[in-house]
Each structure stands twice: as structure tokens, then as C-alpha cells.
Amino acid sequence: MKVFDLLCAHGHSFEGWFGSEADYLSQVERGLLECPLCATKAVQRRPSAPRLNLSGARAEPSVAPATPAARPAAAASTASVATPEPTSAERQAAEAMWLQAVRHVMVNTEDVGARFAEEARRMHYGETEHRNIRGQATREQTQELGEEGIEVFSLPVPEALKGPVQ
């Protein structure tokens, strides 16, 4: 089994598991490889280090300045607060949590397709029993539902999750 680090054109990084390098190349040529988050087929292989099992090895924690006096004077005098960019690991963790939440929604809802607005109204007005549904609605339909007191939200779903959920 080959595990490759992959990156889509939108900056989402993920792993791909392939039987061999030839299998990976074959899937790329046939257009079968896509990002699990945004479904783009513009995916490239990234350089990766070999996987080593170093269970006894531990990294030294990085030490940040403990007191404001340890920071440069120019940084201490600014009034605005800068938030650091998330690290690659933090971004990957957030993407994984988002993907897990989308999978949960897909598994626990009924897809009513283009009938979404109609079904939401029927449930709201007691014409049918309440259940968890998902589907498609236009911006106008979504706005009308909100005006009627029916809460809905948009959830972009990657193409890879629109098929059978595993």
C-alpha cells in the first residue's frame, strides 16, 4: 500500500492510499482522483517523508516568551491584536472535523432533493411528521422559509459525499 500526501488547487491537503504508484497514476489519468472537501479534480502529489515508527521519540516543546517584557517594544505598543495563521495540522484537523460533521448530516437526514422548501413547509405547518431532511432550495426559497419562521441553513457538500456514505 502506498500512502501519498495530496494537495488540491484550493489548498486542502489530504492522504491518498493506493495499491501502487501505477494505480495512483492510472486514477489521475482517468479523472478519478478528487479532493474530499471541495471535489476539485485539480490534485497534485506532494513530497512526503517516509513513515517511521518512533514511539519512544518525543519532540521538545517550543517555548514562547512568558512575559510581555520579553516581547519587542514595538509589538507591545500596538493596539491591534494579530491572530496567527493556523498551522497545517490545525487546518487539517478543522477540515477533518467539518468533513465528519457533513458525514453525520448526510447519514442522519433524508434527501428530499428539489422538494426541500415544500417538505419543510409541510412539517412546519403540521401536515406531515417532523423528520431531519436535506435538499436543494433557491436563495429566494430559503429567504421565504426564513420569513415564515422556518429555520434552514446552507451546507456545501462535496461531490464525494453525495453518493453512498460509508
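Residues numbered from 1 in each chain as written. Predicted model: local features only at pLDDT ≥ 70, side-chain atom pairs only at ≥ 80, totals over all residues. Heavy atoms only, no water.

Trainee: Quick rundown of the pairing of strand β4 (residues 110-113)? Include the residues and the values.
Mentor: Alignment of β4 against strand β5 (residues 133-135), held across three bridges, turns out to be parallel. Across the sheet, residue D111 finds its bridge partner in β5, namely R134. With helix α4 (residues 116-124) bridging β4 and its parallel neighbour β5, the resulting β-α-β unit is right-handed. (Pairing = 2+ DSSP bridges. Helix = DSSP H or I, 4+ residues; strand = E, 2+ residues; numbered from the N terminus. Right-handed = clockwise from strand over helix to strand, strands pointing away.)

Trainee: Quick one: what's the story with the sheet that holds strand β3 (residues 43-46), residue by residue and with numbers?
Mentor: Strands sit in the order β2-β1-β3 across an open sheet of three strands; the sheet is antiparallel. In this open sheet, the two edge strands, each paired with only one partner strand, are β2 (13-18) and β3. With strand direction ignored, the average angle separating the axes of adjacent strands in the sheet is 45°. Where strand β1 (residues 2-8) meets β2, six bridges bridge the pair, whose relative direction is antiparallel. Within β2, the position partnered with L6 by the bridge is F14. Contacts from helix α1 (residues 21-29) reach β1, β2 and β3, with the element oriented near 30° to β1. (Axes fitted to C-alpha atoms, helices over the stretch in contact; angles between N-to-C directions. Contact = heavy atoms within 4.5 Å.)

Trainee: Got a sec to walk through the side chain of S13? Specific residues and values, please.
Mentor: With respect to the helices, strands and loops of the structure, S13 is situated in strand β2. One polar contact links S13 to Q92, side chain to side chain, over a distance of 2.7 Å. In contact with S13, not counting residues within four places along its chain, are L6, L7, R46, Q92 and E95. (Polar contact = N/O pair within 3.5 Å; in protein donor to acceptor, adjacent residues only side chain to side chain.)

Trainee: Lay out the packing of aromatic side chains in plain terms, naming residues and giving numbers.
Mentor: Aromatic rings in a pair are described by how distant their centres are and how their planes are angled relative to each other. Applying the stated criterion across every chain, the model contains three aromatic pairs. On the numbers, 5.2 Å between centres and 75° between planes, the contact of F4 with Y24 is edge-to-face. Highlighted residues: F4 in strand β1 and Y24 in helix α1, separated in sequence by 20 residues. The pair F4 / Y24 is uniform in exposure class, with both members buried. Clustering of aromatic rings is evident, with ring pairs tying together F4, F18 and Y24. Sitting above the plane of the F4 ring, R45 keeps its charged end 3.7 Å from the centroid. (Phe/Tyr/Trp six-rings, centres within 6.5 Å; stacked < 30°, edge-to-face > 60°. Buried < 20%, exposed > 50% of the residue type's maximum accessible area, 1.4 Å probe, protein only. Lys NZ or Arg CZ within 6 Å of the ring centre and 35° of its normal.)

Trainee: Please provide a residue-by-residue account of α4, values included.
Mentor: The periodicity of an α-helix, 3.6 residues per turn, causes residues three or four positions apart to be oriented the same way. Every buried residue belonging to α4 is among F116, A117, E119, A120 and M123, and all of these are buried. Across the axial projection of α4, the buried residues extend over an arc of 165°, all falling on one side. Those residues of α4 that are buried lie in contact with β4, β5 and α5 (139-147). Following α4 by one or two positions, G126 has its phi on the positive side, about 75°. (Arc of directions from axis to C-beta.)

Trainee: Account for unusual backbone geometry, with residues named and values stated.
Mentor: The phi torsion at A39 lies on the positive side, around 70°, for a residue other than glycine. Residue position: A39 is located in the loop between α1 and β3.

Trainee: Could you give an account of the nonpolar core, naming the residues involved and the relevant values?
Mentor: One recurring pattern in soluble globular proteins: nonpolar side chains tend to sit buried together. Counting residues in each nonpolar core, the largest one holds eleven residues, listed as F4, L6, C8, F14, F18, Y24, L33, C35, L37, V43 and L99. Where this core is concerned, the elements lending two or more residues are β1 and β2. Per-element tally for this core: the top contributor is β1, with three residues. Of all hydrophobic cores here, the second largest spans eight residues; its members include A120, I133, L145 and I150. (Core = buried A, V, L, I, M, F, W, Y, C linked by side-chain atoms within 4.5 Å.)

Trainee: Before we move on, could you go through the pattern of salt bridges and cite the residues and values that matter?
Mentor: Under the defined criterion, the tally for this structure stands at nine salt bridges. Residues R115 and E119 are paired through a salt bridge, measuring 3.1 Å at the closest nitrogen-oxygen approach. Classification of R115 as partly exposed rests on a relative accessible area of 41%. Residue classification places E119 among the buried residues on the basis of a relative accessible area of 3%. (Salt bridge = Lys/Arg side-chain N within 4 Å of Asp/Glu carboxyl O.)

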